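Commentary on secondary and tertiary structure
Chain by chain, the residues:
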Amino acid sequence: MILPIVAYGHPTLKKVGVDIEADYPELQTLIENMWETMYAAAGVGLAAPQVNKSIRLFVIDASPFAEEHPVTKDFKKVFINAHIVEEQGEAWTMGEGCLSLPGMNEEVTRKPSITIRYLDEDFEPYEETFDGILARIIQHEYDHINGILYVDRLPSLKRVLLKGKLRDISEGKVDVDYRMTFPRTRKKVR
Ligand code: NI
């Protein structure tokens, strides 16, 4: 089932997600629905807060980047209760978009290497290090489960310049071809 994605300004996007237990109600269904929702919106990642759940869960399928970045080819993973242990290296900048911020893409600066602890969909634990574009995608989704959006990481002058655009998004004044909930209109589009 395709779930509505909440737009910028929705309170759940600002909340820190909580860790979950293996008996979290209908977890496998939620994960299936998140995959379906992400693919329907042509995203490479989706975090639970974007479907209005304040829990530490996100999914990533980085394969659309495979032509340019072969390392993403078979990268399809579920991250539960993720916690970044370490971020390292010389910060670098890359354009990022977000399904909760349709029509926007901004240059975001992040460190290039992360070590992260997480559980997969079977609650098997991992501690792994990721670099480059994979680290970047994980950091973006990880921010979501900590109540952070990429626009929060932009220089303050840049944020001022984007204020009108962000207000339009929260009011639903934006072209989008997937299902969304806009906080300021309480209206579901599509
Ligand atoms: Ni996002």
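Worth saying up front: this structure is predicted, and the values here are computed from it rather than measured.

Calculation notes
Residues numbered from 1 in each chain as written. Predicted model: local features only at pLDDT ≥ 70, side-chain atom pairs only at ≥ 80, totals over all residues. Heavy atoms only, no water. Helix = DSSP H or I, 4+ residues; strand = E, 2+ residues; numbered from the N terminus. Buried < 20%, exposed > 50% of the residue type's maximum accessible area, 1.4 Å probe, protein only. Contact = heavy atoms within 4.5 Å. Donors = N, O, S within 2.8 Å, 3.2 Å for Na, K, Ca; no water. Polar contact = N/O pair within 3.5 Å; in protein donor to acceptor, adjacent residues only side chain to side chain. Pairing = 2+ DSSP bridges.

**Concerning the environment of Ile20**
Summarising the element assignment, Ile20 is placed in the loop between strand S1 (5-6) and helix H1 (27-40). On the basis of relative accessibility, which here comes to 6%, the residue Ile20 falls in the buried class. Residues Ile20 and Thr181, spaced 161 residues apart in sequence, show a C-alpha to C-alpha distance of 25 Å. Contact partners of Ile20, with chain neighbours within four places excluded, come to Leu27, Ile55, Ile80, Asn81 and Phe123.

**Some remarks on the coordination of the nickel ion**
The coordination sphere of the nickel ion, as far as protein atoms go, consists of Cys98 (SG), His140 (NE2) and His144 (NE2), spread over 2.1 to 2.3 Å. Spacing between the donor residues of the nickel ion along their common chain follows C-x41-H-x3-H. Taken as a pair, Cys98 in the loop between strand S5 (92-96) and strand S6 (106-110) and His140 in helix H2 (residues 132-145) lie far apart in primary sequence, 42 residues in all. Given a relative accessible area of 9%, His140 falls into the buried group.

**A look at the environment of Glu128**
When you line up the elements, Glu128 lands in strand S8 (residues 125-131). Glu128 sits in the partly exposed class, given a relative accessible area of 24%. Along the chain, Glu128 and Thr115 lie 13 residues apart, while their C-alpha atoms are 5.5 Å from each other. Every residue in contact with Glu128, bar those within four places of it in the chain, is listed here: Lys77, Ile114, Thr115, Ile116 and Tyr118. Within the local environment of Glu128, its side chain forms a polar contact with the side chain of Tyr118, the two groups lying 2.4 Å apart.

**Some points on unusual backbone geometry**
Its identity is not glycine, yet Glu26 carries a phi of approximately 55°, on the positive side. Its place among the elements puts Glu26 in the loop between S1 and H1. Overall, the relative accessible area of 60% leaves Glu26 in the exposed class. The phi dihedral of Ala42 falls on the positive side, at around 55°, and the residue is not glycine. The topology assignment puts Ala42 in the loop between H1 and strand S2 (45-47). Judged by its relative accessible area of 68%, Ala42 falls in the exposed class.

**Things to note about the pairing of strand S3 (residues 57-61)**
Where a strand is regular, its side chains alternate between the two sheet faces. In terms of burial, S3 is a largely internal element, five of the five residues being buried. The alternating pattern of S3 places Leu57, Val59 and Asp61 and Phe58 and Ile60 on opposite faces, both of which are buried. The pairing of S2 with S3 spans three bridges and is classified as antiparallel. Residue Gly45 lies in a different strand from S3, and its bridge partner there is Ile60.

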